[in-house]
Amino acid sequence: MNFLDIQELIIAGWKTQTLFSALELGIFEQLSKQSKTVEELAQDCQFSPVSGKKLLTACVALGLLTKTDNTYQNSSVAQELLVSENPIYLGDVALHIRDILPLWNKLTDAVKENSNRWQQVTGSEAGHFSSLYQDPKQLEHFLKTMNLYNQETAASVALNFDFSPYHHLLDIGGSTGVFGQRIISHFPHLKITVFDLPEVCKITEQYIKEQYHLEGQMTTHEGNFLSSHSLPKGFDIIYLGWVLHDWPHHIQLEILEKCYQALPPNGILLATESLINQEETGPLLTALLSLDMLVSTDGGGESTGEEYKERFSKVGFESVEIISLPIMRDLIVGVKKVRAIDPT
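What comes next is a walk through the structure. Everything numeric in this text was worked out from a predicted model, so none of it was measured.

Regarding the state of the cysteines
- Taken as a whole and assessed by the stated rule, the structure comprises 0 disulfides.
- Residue Cys45 stays outside any disulfide, its sulfur separated by 11 Å from that of Cys59, the closest cysteine.
- Residue Cys45 is classed as buried on the basis of its relative accessible area, which comes to 7%.
- We note that Cys201 lacks a disulfide partner, and the nearest cysteine sulfur, in Cys259, lies 16 Å from it.

Points about helix H2 (residues 12-25)
- If you check H2, its first and last C-alpha atoms are 20 Å apart, about what 14 residues at 1.5 Å a residue would give, namely 20 Å.
- Inspection of H2 places Thr18, Phe20, Ser21, Ala22 and Leu23 among the buried residues, and these make up the whole buried set.
- Elements in contact with the buried residues of H2: helix H3 (27-30), helix H5 (49-62) and helix H7 (91-104).
- Among the residues trailing H2, Gly26 stands out with phi positive, at a value near 80 degrees.

Considering the packing of aromatic side chains
- This structure, assessed with the given rule, holds 8 aromatic pairs.
- Centre to centre, the rings of Tyr149 and Trp242 are 6.0 Å apart; their planes meet at 65 degrees, and the pair counts as edge-to-face. Here Trp242 lies in the loop between strand E7 (237-241) and helix H14 (249-262) and Tyr149 lies in helix H11 (residues 136-160), a separation of 93 residues in the sequence.
- One aromatic cluster is present, formed by Phe161, Phe163, Tyr166 and Phe187 through successive ring pairs.
- Over the face of the ring belonging to Tyr308 we find Arg311, whose NZ or CZ atom lies 5.2 Å from the ring centre.

About the thresholds
- Residues numbered from 1 in each chain as written.
- Predicted model: local features only at pLDDT ≥ 70, side-chain atom pairs only at ≥ 80, totals over all residues.
- Heavy atoms only, no water.
- Disulfide = S-S within 2.5 Å.
- Buried < 20%, exposed > 50% of the residue type's maximum accessible area, 1.4 Å probe, protein only.
- Helix = DSSP H or I, 4+ residues; strand = E, 2+ residues; numbered from the N terminus.
- Expected span 1.5 Å × (residues − 1).
- Contact = heavy atoms within 4.5 Å.
- Phe/Tyr/Trp six-rings, centres within 6.5 Å; stacked < 30°, edge-to-face > 60°.
- Lys NZ or Arg CZ within 6 Å of the ring centre and 35° of its normal.

Put into structure tokens, the structure is as follows:
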């Protein structure tokens, strides 16, 4: 790195806030159909044309907008990724990151004390997920963020793991259920049950009925995988998508043990996680995600593939393997083997 690289790193927050403000004001939505002048945008988005012009100039400099004469247009990438009606919309991801930035502002304290920053920032002892469920808008941004990344993950998993021998998958913490919906598109014989909290299952059921139209093939099961003594049985494959990294290692082992006990012999546990490399030098996004777990969860963080394999094996899973995926997550596979009976 050089002087300019460090300078870019220092002002990265300014760039991010420029994007957040443009999203909050609805600028990309207003420009999705036609070009507009600063005066027209000021009226439609309800901002001062004087200060608004400064924001628009920054958006042009960042490549988010283009300017022709006195009118502004979305850049091609903003039109593709920052307009809500499009198939891939990163606006909810950006607003979710904005929602948790106050926690990141206390990163130094989190590192000193090895604990999340919810109480310091909000004054409440409620943790990450409890706080999300109390704020409908933040919950919406979070669920839509997970929905986007779970689509990508499901598409990749479906191409790298053969679900054809299996019949019924339990998706623990499955959120909107999009993972199961995408897997079914590749393996239409498979049934999916999403196991999540009651308030999430209500949202999941809406997705199943109104968007996926898979009422006969997808169901929900209300519960809490942490407080429940056991998980429901009757499934030959269980999936944990970005679940383990939310919790400290001893809680991960408890979750894995519950999965092991719920599966029949030869049952499969799948987990997708962002893996720290064996040298513990990156990748960058995974390293930053681990810091996000530090400030926002109760002891969560990213791990190496070998660490996950060790935890799987510790609760009894055999033939544990890591399948590399061309996305930010990789697939961990564990098998509950049939135990041989000693005739003596």
